[in-house]
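This is what each chain is made of:
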Amino acid sequence: MEFSFELLFEAVVFGILLGCFYAAVSIGLSVSFGLLDVPHVAHPAIMVFGSYCTFVLAGLGLDPIVAGIVLMPPFFLLGMVVYRFYYEAFERRGSDAGVRGIAFFFGVALIIEVGLILGFGVDQRTVEAAYIGKAFSVGDMRIPMRFVVAFGVALVLMTALTLYMSKTFTGRAIKAVAQDEQALRLMGANPMRIKQWAFGIATGVSALAGAMLIIIGPVEPALDRVYIGRTFAVVVLAGLGSMTGTLAAGLILGISESIVLMHFGASWAPAVAFGLLLVVLGIRPQGLFGR
Amino acid sequence: MRFWILAVAVFLLAVLAAVMLKNEYYFFAGYTVLMFVVLATAWNILGGYGGYVNFGTPAFFGLGAYTAAVLFKAFALPLALQIVAAAIMSGALGFAAGLLTLRLRGIFFAIATIALVVIMETLFINWRYAGGATGLQLLRPPPIWPFQSYTTMLFVLMAGLAVMAVAIARYIEISWIGRGLRAIRDSEEAAEASGVPTLKLKVFACTVSGALMGVAGAPMPMYLSFIEPASTFNLNYAIGALASPMIGGTAHYLGPVIGAVLLSSLQQIVTVTISNEVNVLVVGVMLVVFVVAAPDGILGLLRKIPWKRS
Amino acid sequence: MMFGRFLRYAASALAFAAFSGLALAQGPVKVGMSMPQTGPLGAGGKAALLALQIWVEDVNQKGGLLGRKVEFIVYDDQTNPALTPSIYTKLLDVDKVDLLIAPYGTVPTAPIMPLVKQRGLLLMGNFSFQVNRTVRHDMWFNNSPWNDARSWSQGFFEAADKLGGAKTIAFLAADQEFAQNLANGAKQIAKSKDLKTVYEQNYPPATVDFSSMIRAIRNAKPDIVYIMSYPNDSVAIIRAVNEIGIGPSVKLFGGGMVGLQFTPIMESLGSLLNGVVNYNSYVPGVKYPGIEEFLKRYSERAVKEKVDPLGFYLPPFNYAIGQILEQAVTATKSLDHKTLAAWLHKNEVNTIVGPIRWDENGEWANPRVIMAQFRGVADKNVEQFRQPGKQVVLFPPQFKTGEVMGPFEKIRK
């Protein structure tokens, strides 16, 4: 295939749109794993669960984005419950917990996956909306509207979350508990409650991420396995706990994937996220903006 | 000595079953159970003894399977040599991967091992000679005398490999290597400080573990007469290899055996009677239950029961 | 004397009881298969399954096979090739079936070809493409109207010739057994016609987004675009072409897209299909003896069971599998696989999709793949497909109803 600047430019534009989406999908993990040190490999599975919930609500007539927003409160509560369980079962019990925590979340991810298969079957599911199926024309380029919509929602979501973390009291408390739990306890705040709240937010955000996921393309129950690589790559590349880093890392991943797709073909694209992850872990494990 | 008597007895039991049972489906399902015994035992060397929880089983297993398949396609290599080649290739991968990743802690190591699986899968998706994403059809040679059925032969072979794997795990466990690994699991810094050669031991464990997983994978292409990347490098193997020791108990070489036999047999029964999906649910639920409620596995539970009054 | 008569009656009564006891003790004839009822081929698989169930009912009404009832055992393989070897092993060793039918589709069938060859079993093919190419099993008999890549692509390339001036071609194929078999053959034909390949790409079967590949194709400005895809990809590709556009240079688009024959997909894509030239096995208007009557019966059942209501693509050919088995078993009075295979190689079978004769590879000696162009299709309308006209038949000559039109994007508007 011949090289073409036009194609490269389109790939970069596409990569930026996709990258912002990846960042929004990973930002929940940035909080739960990056800040709270919870080995949450079930994060993509919960997001896919969110996609299916969006599918159900969209079937009742709701616009997918509205459905995503409507799902945020119940998912927030779900997150709080999950964290409470995790805390009682693992974090309380000490050092061995990390190893078993990972196994636990893998088990949870499997259960969610099979639950979705039993409930919906292995077939792909999609939603319909006015903005799915059309494209914007910018000069010679045609950009599918669904990517632009996901990009927009992702930006709004991430801005909102970043502002929350830096401007509000609870947000700053979450950051504080990540840095120095003892000090926080001495100041009279309950670290467990703050972490629980944070995990709830991370899960609530995943609901909207799930809605974006099914807008961008069809979903099927095993889709979480594809996103484990992408989300952890973004979070590790960003540096654990950095919100702005997540956006930068997402863009890097999105653009790299897009260029590999264009130049080397679709069969190499799945390895990009993991390849990037291994490179980061090997060279600079603390990531771009790590603490 | 007691161990070896038991081991030979188990193997003879498998041979007896091969002679007496007529329905081939027992061997078809039994092969999978025995294969997971090998995978679980191999996983436990690094994961249980050393404390390095890894999800890389499909990478070593798959590499073993593809090594066997490609050598069979290219040179019609006999099965015994395929297994040896698979052990060498997967052992080498274990060595290299160990050097690169064993400096990472806890969850980073686990995620890096998943990365390894996806990269291996992508490599084989892009290798046309090995079938690419389409897969490879393979015509088996006739079974070796005195076996009439190839599946039965593979069953007895896997029984032998399982005995060998458990023997190796037992040797590591009771030797100074096992002591060193346990020291690393309990506290790596303390082990370093007291002069334990931690990196060498970890890489050794990773190499042996990888080689055994490759051995478990080598007969797979002949078992199915077909191989393709998506199912060969499936993360379900990672979870099965990890769940079995966690269910059976990670501290002793019998733990993975008990866990694998229990879990895999349950899965086979569920697949035949209910459906294929529910068997994955079984793994997920059992993993969660044991990890939360019985962290030392079945062996740990058994130890808590007062067997003897001294 | 009375005693002698009584003895004769008793003897014949005993013999009769023993004989029917034997027949009853033999039990039903078990026919087994796995059918993709979920996964990418699921929509087609469910329709095919209904046709086979109708055949089982028909044959049991007539007294069964060899006087025994037919029992039909089916599992769902989810279009997953990793599941079929264990399902067929279970069918053989646990369910102990007498006759085997292959799953619908090349991808689920490929893994079991070595198995049936190694065990010396008769296998009735179900819309697979060239799946026997490497294994060369002599007890394989396919039900689909194609033979090799030439038989499939001939109509497509002839349409390109009719439009004239085609010099370049682009290939987009899924990396799986069906698409690769077709792609290998089609590329050779393209070379023999001096067509220059300006783009070729194999994509992993799980790919969901084709925007970047469609863009690259548009950038290469091909005259012909030949696609080999499975239902999920076919839908995604058609939607991507509609979103981004394939460019004004393209004269001919389509070729080997599986799924565009399934009624639910035709209904959902609607006008997006216009202009696409694609293969099919049957369209309304083609006169096969008995097919229209079957389709009427099928349609009534299908609406009730909520599967493909029109059932043009697979159901008649699946019913034909039943007819083939019925005729072979009845003619040879045997369930022995070698006997049945020998008979099928020597004889022509009459079915509701016409007379079928096989070559030594088990494929049709007289292929009749239909190449048709979608024209004038409206959105969200299933009934429009019942009458001939929405799929203009370009090939083969005996079924032709119109001429091909192009260039592709111009005629879509």
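For clarity, every value in this text was computed on a predicted model and none was experimentally measured. (Residues numbered from 1 in each chain as written. Chains lettered and ligands numbered in written order. Predicted model: local features only at pLDDT ≥ 70, side-chain atom pairs only at ≥ 80, totals over all residues. Heavy atoms only, no water.)

(A) Here's a closer look at the overall build of chain A. Counting its regular elements, chain A contains 11 helices and 2 strands. Beginning at the N terminus, the succession of helices and strands in chain A can be written as α-α-α-α-β-β-α-α-α-α-α-α-α. By the compact-globule yardstick of 19 Å for 291 residues, chain A fits well, its C-alpha radius of gyration being 19 Å. Evaluated residue by residue, chain A yields a buried proportion of 58% over its 291 residues. Of the contacts made within chain A by residues no fewer than 6 positions apart, 77% connect residues no fewer than 24 positions apart. Accessible surface for chain A amounts to roughly 11400 Å². Of this, 68% is attributable to carbon and sulfur atoms. Side chains of chain A carry 18 positive and 17 negative charges; the gap between the two charge centres is 11 Å. (Helix = DSSP H or I, 4+ residues; strand = E, 2+ residues; numbered from the N terminus. Rg over C-alpha atoms; globule rule 2.2 N^0.38 Å. Buried < 20%, exposed > 50% of the residue type's maximum accessible area, 1.4 Å probe, protein only. Contact = heavy atoms within 4.5 Å. Areas by Shrake-Rupley, 256 points an atom, 1.4 Å probe, with all protein chains shown as cover. Lys, Arg positive; Asp, Glu negative; His and termini not counted. Charge placed at Lys NZ, Arg CZ, Asp CG, Glu CD.)

(B) Main features of the pattern of salt bridges. For the coordinates displayed, the defined rule picks out 23 salt bridges over all chains. Close ionic contact of Glu10(A) with Arg215(C) constitutes a salt bridge, the shortest N to O distance being 3.4 Å. Note that Glu10(A) is positioned in helix H1 (residues 5–35) and Arg215(C) in helix H8 (residues 211–220), a pairing that runs across two chains. By relative accessible area, Glu10(A) is classed as buried at 6%. On the accessibility criterion, Arg215(C) (6% relative accessible area) is buried. (Salt bridge = Lys/Arg side-chain N within 4 Å of Asp/Glu carboxyl O.)

(C) Looking closely at the sheet that holds strand S5 (residues 140–141) of chain C. All names here are of chain C. In space, the 5 strands of this open sheet follow the order S2-S1-S3-S4-S5, with parallel pairing throughout. The outermost strands of the open sheet, each flanked by one partner alone, are strand S2 (70–76) and S5. Strand direction decides the pairing type here: strand S3 (residues 99–101) and strand S4 (residues 123–124), joined by 2 bridges, are parallel. Pairing of Ile 101 across the sheet is with Met 124, part of S4. Helix-sheet contacts for helix H2 (residues 42–61) involve strand S1 (29–35), S2 and S3, and the interaxial angle to S2 is about 170 degrees. Running at roughly 155 degrees to S3, helix H12 (residues 315–332) makes contact with S1, S3 and S4 of the sheet. (Pairing = 2+ DSSP bridges. Axes fitted to C-alpha atoms, helices over the stretch in contact; angles between N-to-C directions.)

(D) Just the packing of aromatic side chains, in detail. All told, the structure shown has 58 aromatic pairs over all chains when counted by the stated rule. Geometrically, the ring pair formed by Tyr83(A) and Phe199(A) is tilted, given 5.5 Å between the ring centres and 40 degrees between the ring planes. Of the two residues, Tyr83(A) sits in helix H3 (residues 64–89) while Phe199(A) sits in helix H8 (residues 191–216), which places them 116 residues apart along the sequence. On the basis of relative accessible area, Tyr83(A) is assigned to the buried category, the value being 1%. We classify Phe199(A) as buried; its relative accessible area is 1%. Members of the aromatic cluster, connected to one another through ring pairs, are Tyr104(C), Phe127(C), Phe129(C), Trp146(C), Trp152(C), Phe178(C), Tyr230(C), Phe262(C), Tyr279(C), Tyr313(C), Phe317(C) and Trp364(C). (Phe/Tyr/Trp six-rings, centres within 6.5 Å; stacked < 30°, edge-to-face > 60°.)

(E) Broad picture of the interface of chain B and chain A. Taken together, the contact pairs 38 residues of chain B with 35 residues of chain A. Approximately 3200 Å² of surface area, both sides summed, lies buried where chain B meets chain A, with 83% of it carried by carbon and sulfur atoms. At the junction of chain B and chain A, the tally comes to 4 residue pairs in polar contact (both at pLDDT 80 or more). When contributions to the side of chain B that touches chain A are tallied by element, the ones reaching two or more residues are helix H5 (106–125), helix H12 (235–248) and helix H14 (276–293) of chain B. Broken down by element, the side of chain B that touches chain A gets its largest block of residues, 13 residues, from H5(B). The residue makeup of the side of chain B that touches chain A, split by class, is 28 nonpolar, 8 polar and 2 charged. (Buried area = accessible area lost by both parts, 1.4 Å probe. Polar contact = N/O pair within 3.5 Å; in protein donor to acceptor, adjacent residues only side chain to side chain. Nonpolar A, V, L, I, M, F, W, Y, C, P; charged D, E, K, R; others polar.)

(F) Examining the nonpolar core more closely. Ranked by size, the top nonpolar core spans 221 residues in total, and within it Phe21(A), Met35(B) and Phe55(B) carry the most contacts. Considering every element that reaches this core, the biggest residue donor is helix H2 (residues 24–49) of chain B, with 17 residues. (Core = buried A, V, L, I, M, F, W, Y, C linked by side-chain atoms within 4.5 Å.)

(G) Spatial organisation of the environment of Val377(C). All names here are of chain C. Counting through the fold element by element, Val 377 comes out in the loop between strand S13 (370–374) and strand S14 (391–395). For the pair Val 377 and Asn 181, spaced 196 residues apart in the sequence, the C-alpha separation amounts to 30 Å. In contact with Val 377, not counting residues within four places along its chain, are Gly 270, Ser 271, Asn 274, Gln 384, Phe 385 and Lys 390.

(H) Representation of the side chain of Ser151(C). Residue and element names in this part refer to chain C. Tracing the chain through its elements places Ser 151 in helix H6 (residues 149–163). For Ser 151, the side chain forms a polar contact with the main-chain nitrogen of Asn 147, separated by 2.9 Å. Here Ser 151 is in contact with Trp 146, Pro 367 and Val 369, once residues within four sequence places are set aside.

(I) Quick peek at the packing of H8(C) against helix H9 (residues 231–244) of chain C. Residues and elements named next belong to chain C. Axis separation between H8 and H9 bottoms out at 9 Å; the angle between their running directions is 60 degrees. Taken together, H8 and H9 sit at an angle that is classed as oblique. Like other packed secondary-structure pairs, H8 and H9 cross with a definite hand, here right-handed. Two secondary-structure elements touch here, H8 through Ser 211, Ile 214, Arg 215 and Arg 218 and H9 through Ile 237, Ala 240, Val 241 and Ile 244. (Parallel < 35°, antiparallel > 145°, perpendicular 65-115°, else oblique. Left-handed = near helix turned anticlockwise from the far one by under 90°.)

(J) Quick look at the confidence of the model for chain C. Residues and elements named next belong to chain C. Averaged over every residue, the pLDDT of chain C is 90; the share at 70 or more is 94%. Long-range and interchain partners of residues 20–24, a stretch whose pLDDT sits below 50, account for 0 contacts in this model, where long-range means more than four residues apart. Among the prediction metrics, the complex's ipTM stands at 0.86, with pTM recorded as 0.88. (pLDDT = per-residue confidence, 0-100.)

(K) Main features of a nonpolar patch on the surface. All names here are of chain B. The grouping of Leu 13, Leu 16, Val 19 and Met 20 at the surface amounts to a nonpolar patch, some 440 Å² of accessible area in total. Positionally, Leu 13 belongs in helix H1 (residues 2–20). Relative accessible area serves as the criterion here: at 58%, Leu 13 is assigned to the exposed category. (Patch = residues over 30% accessible without salt bridge, like charges linked within 9 Å, V, L, I, M, F, W, Y side chains within 5 Å.)

(L) Highlighting the interface of chain A and chain C. On the chain C side, the residues contacting the 23 residues of chain A number 22 residues. Between chain A and chain C, a total of about 2000 Å² is buried, with carbon and sulfur atoms accounting for 48% of that surface. At the junction of chain A with chain C, the criterion picks out 4 salt bridges. With a shortest N-O distance of 3.4 Å, Arg146(A) and Asp209(C) are connected by a salt bridge. Here chain A is connected to chain C by 7 residue pairs in polar contact (both at pLDDT 80 or more). Breaking the side of chain A that touches chain C down by element, the ones donating at least two residues are H1, strand S2 (141–144) and helix H5 (145–167) of chain A.

(M) Geometry of helix H3 (residues 84–93) of chain C. In terms of burial, H3(C) is largely enclosed, as 9 of its 10 residues are buried. Along H3(C), the residues that are buried comprise Thr84(C), Pro85(C), Ile87(C), Tyr88(C), Thr89(C), Lys90(C), Leu91(C), Leu92(C) and Asp93(C).

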